[in-house]
Structures are given as C-alpha cells and as structure tokens.
Amino acid sequence: MISGIIGRKLGMTQLFAEDGTVTPVTVIKAGPCVVVQTKSASGSDGYNAVQLGLVEDKAIKLKNVSKPLRGHFEKTGGGIPPTRILKEIRLSGEPEAAVGDQVKVDVFADGDKIEVVGKSKGRGFAGTVKRHNFSRGPETHGSMNVRSPGSIGQSAYPSRVIKGTRSSGHMGDAQVTVKGLTVARVDAENNLLMVRGAVPGANGSLVVVRKS
C-alpha cells in the first residue's frame, strides 16, 4: 500500500471541537497524484518504491518538457500527461499499485501518525544568536561583546578553527523532516489534509507527507 503523497502547504487555521477545545492545524492540499513508475526489490532497482507525479490544476505543456522527461513519461504508455513535480516514496513491501493509478488523500485517516518533509524558510545570513541560539554578552559597562560569537579557536594548539565549529552563516532553505505529527482531519472531497501542529516551509511550498 502506498503510504505517502505530495502536496502543497496552504497555511494554518484552527479546528473547534464540540467541547470548545481549539486545535491548531496546518492545511495541506494533498494530491491528487498519479503513479508514474514502480520499483521493486526483486527487479533491477533493488528496493521497493513508487514515483508519484503531482497532478495540478494548470497542466504543463508538452513543448515545455525536456526530452529526457518526455521519454520518461512515454515509457508509461502515453496515458499519463507530464507533471512538473515528481517524488519517490519508499515502500516497506512490493508495490501493489500499477502505473497510472491515482493516489488521493483518502490513503490517510483521522488519527494517523505521519511525518512531513519540506524545505524550511530561508533566513539569509544569520548570526550565532539567531542561528544556533548562542547566549549574548552583557549590554552594560561598555561591553563590546553583545552578540559576537566569542572565542572560536586555540592560540597554541591546534592553532586553527576546528571543522564544524558553529558560526554565523546561511540559515534555513534546507530539507527538514518533522516526525510524530498527527492527522486531525481528512477532507477527501477537497483533497485537504489537516495536520495537528506546524510543518516546515512557507505557504505554497511543496511537502511530502508519509505515514510514520
């Protein structure tokens, strides 16, 4: 059974229960997706997986598809139109789906434990206080060490900065996986998945939702 789907993060909202309990949720427009390719451990690939294509409202024109990608979709028999987004979902067993099958949000149910993979928001160049949660120095008595990193090396040995030392630099814009999330509600009619809590990425960014 396919245990994942591609979607786009729409934003956050709240769900109100009958007893007045408020649950913050992230709304994800998940799918529909189409199976473009299957891989099995018994075959030449050596592992079990399916390649999903995200079916979007605005279809991609065939003239805008590169020749390698066009040939990849032609291998499916020509029944699947090219998609902009292709993602691979690993499976624990042999893939039961066939090329051309639809994968919709109803593969999930309320209460399912999931993990969401997305790209975090880019923060640009950031200092050590923001990037690594360093403590700042005192702000009184003429201190010149308020947000500077402090000592980063040794004077005698090894007389160099150790590789991997936490420092200022580019922050964010990296792949992040958030585990232990819970599906709060599934709206199969509108292809919406409501996840309890926050997921990585900006509104409109791509995410991959997988069962834990």
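A brief report on the enclosed structure follows. Predicted model, so just to flag it, every value in this text is computed and none were measured.

1. Side note on the overall build of the chain
Helix and strand counts for the chain come out as 2 helices and 12 strands. Listing the helices and strands of the chain from first to last along the sequence gives β-β-β-β-α-β-β-β-β-α-β-β-β-β. The C-alpha atoms of the chain give 23 Å as radius of gyration, which overshoots the globular expectation for 212 residues (17 Å, by more than 25%). In terms of overall dimensions, the chain has a C-alpha envelope of 70 × 50 × 35 Å along the principal axes. When each of the 212 residues of the chain is scored for burial, the buried share is 33%. The long-range fraction of contacts in the chain, counting pairs at least 24 apart against all pairs at least 6 apart in sequence, stands at 71%. A total of about 13000 Å² of accessible surface is found on the chain, and carbon and sulfur atoms cover 49% of it.

2. A word on the sheet that holds strand β1 (residues 4-16)
A barrel is described by the order of its strands in space; here 6 strands give the closed sequence β1-β2-β11-β10-β7-β12, paired in antiparallel fashion. Sheet twist, expressed as the average angle between the axes of neighbouring strands with direction ignored, equals 50°. Bridge analysis of strand β7 (residues 113-119) against strand β10 (residues 175-187) gives 6 bridges, and the strand direction is antiparallel. Bridged to Val116 within β10 is Val178.

3. Structural notes on the pattern of salt bridges
On inspection of all chains with the given rule, the structure shows 3 salt bridges. Put simply, Arg8 and Glu56 hold a salt bridge, and the shortest N to O gap is 3.2 Å. Here Arg8, found in strand β1, pairs with Glu56, found in the loop between β4 (49-54) and α1 (67-74); they are 48 residues apart in sequence, far enough to count as distant. A residue is classified by how much of its surface remains accessible, and Arg8, at 27% relative accessible area, is partly exposed. Glu56 gets classed as partly exposed once you look at its relative accessible area, which sits at 25%. A salt bridge links Glu115 to Arg210; its shortest N-O distance comes to 2.6 Å. In this pair, Glu115 is assigned in strand β7 and Arg210 in strand β12 (residues 206-211), connecting sequence segments 95 residues apart.

4. Structural notes on the nonpolar core
Formed by 28 residues in total, the largest nonpolar core has its most connected members in Leu52, Val103, Ile114, Leu193 and Val209. Where this core is concerned, the elements lending two or more residues are β1, β2 (22-30), β3 (33-39), β4, β7, β10, β11 (192-196) and β12. Ignoring any residue separated from it by four or fewer positions in sequence, one finds Leu193 in contact with Thr26, Val27, Ile28, Ala30, Val105, Phe108, Val183, Arg185, Val186 and Val209. Within the second largest apolar cluster, 6 residues are counted, among which are Leu15, Ala184, Leu192 and Met194.

5. Things to note about the packing of aromatic side chains
On inspection of all chains with the given rule, the structure shows 0 aromatic pairs. Of note, Arg90 hangs over the ring of Tyr47, and the distance from its end group to the ring centre comes to 4.0 Å.

6. Here we look at the pairing of β3
Counting buried positions along β3 yields 5 of 7 residues, so the element is predominantly enclosed. Pairing geometry for β3 and β4, over 6 bridges, is antiparallel. Bridging across to β4, Gln37 finds its partner in Gln51. Note: β3 against strand β6 (residues 102-103), 2 bridges, orientation antiparallel. Paired with Cys33 across the two strands is Val103, which belongs to β6.

What counts as what
Residues numbered from 1 in each chain as written. Predicted model: local features only at pLDDT ≥ 70, side-chain atom pairs only at ≥ 80, totals over all residues. Heavy atoms only, no water. Helix = DSSP H or I, 4+ residues; strand = E, 2+ residues; numbered from the N terminus. Rg over C-alpha atoms; globule rule 2.2 N^0.38 Å. Buried < 20%, exposed > 50% of the residue type's maximum accessible area, 1.4 Å probe, protein only. Contact = heavy atoms within 4.5 Å. Areas by Shrake-Rupley, 256 points an atom, 1.4 Å probe, with all protein chains shown as cover. Pairing = 2+ DSSP bridges. Axes fitted to C-alpha atoms, helices over the stretch in contact; angles between N-to-C directions. Salt bridge = Lys/Arg side-chain N within 4 Å of Asp/Glu carboxyl O. Core = buried A, V, L, I, M, F, W, Y, C linked by side-chain atoms within 4.5 Å. Phe/Tyr/Trp six-rings, centres within 6.5 Å; stacked < 30°, edge-to-face > 60°. Lys NZ or Arg CZ within 6 Å of the ring centre and 35° of its normal.

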